[in-house]
Amino acid sequence: MKLTLITASLLALAVAAPAQAKIDNGSVNPGNGELFLSIWDTNGTIDDTADDRSYTRDLGARLNDFASAAATPVALAPLPSLTYGADALLTSWLADTADLGNLHWNVAGFDAYSQDRAAMTVSAGFAGATQNYSQFRGWATGAATHLAAVNALGDNTNTSINASNIATSADGAAYSGSTLWGNNVGTKTNFANDGGIGDSLNFWMFSETVSSGSATTIVKQFQFDDRAWTLAANGELNFAAAAPVPEPETYALMLAGLGLVGVMARRRKAA
């Protein structure tokens, strides 16, 4: 099912007034948090944060759109294919970006109610990580702190609109590149979950395997098949199956076909 979650009316609204985000971390709709996109600009110097800035967007899609709500969830089938065009705020934000190479981004969603699920992008090469139950519980806490600051920047009365807002490092926890969020949920994960513009990031689900306290229980985790999130230079965000890589025989057939077309063209020219 192809969902395009940006419309002309929403774009018009974004142009008319600053867009604001209210992202549900699973406390408003218990256990079923919304996914959100974070992009941050380090301006090339990680240590100098004075001019750093970020963009956050409520994607509207929820954890239940991807996996069952059980303590040991399974992926839904078929998984959705999602496309988000850049809204007016992101288009403007990107236009003011000096170097797209300094941008980092990730997508995540959390259950801050019963804290048994979290979904997020993972950096290239990730193949699973040993994450214990206590560490996992900290993810929802870290996300809640960050999202509370993000939501405080705007109108908090509407939790259903898929809106966006921007922050700077002066906004503290609302800035996506801060030590309270960044590429590891504020140092609460032992792996990175970000990528750069043009990267495709795999999407993983994490869940607790027990309902109450254990510091050593390993968190269940699985990848959503071959699906990946991709963020283009124009701000378009996609969640879709990766394009299949042609087999060597396919390349050979393509080259043979091109050669045949060339031969036929030369014969017609000679005639």
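Small disclaimer: the values here were computed from a predicted structure and weren't measured. (Residues numbered from 1 in each chain as written. Predicted model: local features only at pLDDT ≥ 70, side-chain atom pairs only at ≥ 80, totals over all residues. Heavy atoms only, no water.)

**Let's talk about the environment of methionine 120**
Moving on, step 1. Turning to its location among the elements, methionine 120 is positioned in strand β6 (residues 117-122).
Moving on, step 2. Note on methionine 120: relative accessible area 0%, which makes it buried. (Helix = DSSP H or I, 4+ residues; strand = E, 2+ residues; numbered from the N terminus. Buried < 20%, exposed > 50% of the residue type's maximum accessible area, 1.4 Å probe, protein only.)

**Here we look at the pairing of strand β10 (residues 237-241)**
Moving on, step 1. Across 3 bridges, strand β4 (residues 81-84) lies against β10 in antiparallel orientation. Within β10, the position partnered with tyrosine 84 by the bridge is leucine 237.
Moving on, step 2. Two strands pair when backbone bridges link them, and strand β9 (residues 220-231) and β10 are joined in this way by 5 bridges, in the antiparallel orientation. What sits directly across from arginine 227, in β10, is alanine 241. (Pairing = 2+ DSSP bridges.)

**Digging into helix α3 (residues 133-152)**
Every α-helical turn comprises 3.6 residues, leaving residues that sit three or four positions apart pointing alike.
Moving on, step 1. The end-to-end C-alpha distance of α3 is 29 Å, a good match for the 28 Å that 20 residues give at a rise of 1.5 Å each.
Moving on, step 2. Every buried residue of α3 is accounted for by Tyr133, Phe136, Gly138, Trp139, Ala140, Gly142, Ala143, His146, Leu147, Ala149, Val150 and Asn151.
Moving on, step 3. Against β2 (34-41), β3 (53-62), β5 (103-110), β6, β7 (164-168) and β8 (200-207) lie the buried residues of α3.
Moving on, step 4. Structurally, the start of α3 carries an N-cap: the backbone nitrogen of serine 134 is 3.1 Å from a side-chain oxygen of asparagine 132. (Expected span 1.5 Å × (residues − 1). Contact = heavy atoms within 4.5 Å. Polar contact = N/O pair within 3.5 Å; in protein donor to acceptor, adjacent residues only side chain to side chain.)

**Topic: helix α2 (residues 88-95)**
Moving on, step 1. Every buried residue belonging to α2 is among Leu90, Trp93 and Leu94, and all of these are buried. With its buried residues spanning 95° around the axis, α2 presents them on a single face.
Moving on, step 2. Buried positions along α2 lie against β2, β3, β5 and β7. (Arc of directions from axis to C-beta.)

**Quick word on the nonpolar core**
Proteins that are soluble and globular tend to have nonpolar side chains buried together.
Moving on, step 1. Among the nonpolar cores identified, the biggest contains 29 residues, and Ile39, Phe66, Trp105, Trp229 and Leu237 are the most heavily contacted of them.
Moving on, step 2. Where this core is concerned, the elements lending two or more residues are β2, β3, β4, α2, β5, β8, β9 and β10.
Moving on, step 3. In terms of residue count, β9 provides more of this core than any other element does, 4 residues in total.
Moving on, step 4. In this structure, Ala167, Val185, Phe206 and Val219 belong to the second largest nonpolar core, which totals 24 residues. (Core = buried A, V, L, I, M, F, W, Y, C linked by side-chain atoms within 4.5 Å.)

**A few points about the pattern of salt bridges**
Moving on, step 1. Taken as a whole, this structure holds 5 salt bridges when the rule is applied.
Moving on, step 2. Between glutamate 34 and arginine 62 there is a salt bridge, and its shortest N-O distance comes to 4.0 Å. Residue glutamate 34 is located in strand β2, and its partner arginine 62 is located in strand β3; the two are separated by 28 residues in the primary sequence.
Moving on, step 3. Residue classification places arginine 62 among the buried positions, given a relative accessible area of 16%.
Moving on, step 4. Put simply, arginine 117 and aspartate 116 hold a salt bridge, and the shortest N to O gap is 4.0 Å.
Moving on, step 5. For aspartate 116, a relative accessible area of 10% corresponds to the buried category. (Salt bridge = Lys/Arg side-chain N within 4 Å of Asp/Glu carboxyl O.)

**Notes on the environment of isoleucine 39**
Moving on, step 1. Along the chain, isoleucine 39 turns up in strand β2.
Moving on, step 2. Separated by 65 residues in the primary sequence, isoleucine 39 and histidine 104 have C-alpha atoms spaced 5.6 Å apart.
Moving on, step 3. Excluding residues that lie within four positions of it along the chain, isoleucine 39 makes contacts with Arg53, Ser54, Tyr55, Leu90, Trp93, Leu103, His104, Trp105, Ser176 and Leu231.

**Some details on the confidence of the model for the chain**
Moving on, step 1. Residue-level pLDDT values for the chain average 81, and 72% of them are 70 or greater.
Moving on, step 2. Mean pLDDT across the secondary structure elements of the chain bottoms out at helix α1 (residues 8-16), with 33, and peaks at β5, with 97.
Moving on, step 3. In this model residues 1-20 is a low-confidence stretch, pLDDT under 50, and it forms 32 contacts with partners more than four residues away in sequence or in other chains.
Moving on, step 4. Every residue in residues 156-160 is under pLDDT 50, and counting partners more than four places away or in other chains gives 6 contacts. (pLDDT = per-residue confidence, 0-100.)

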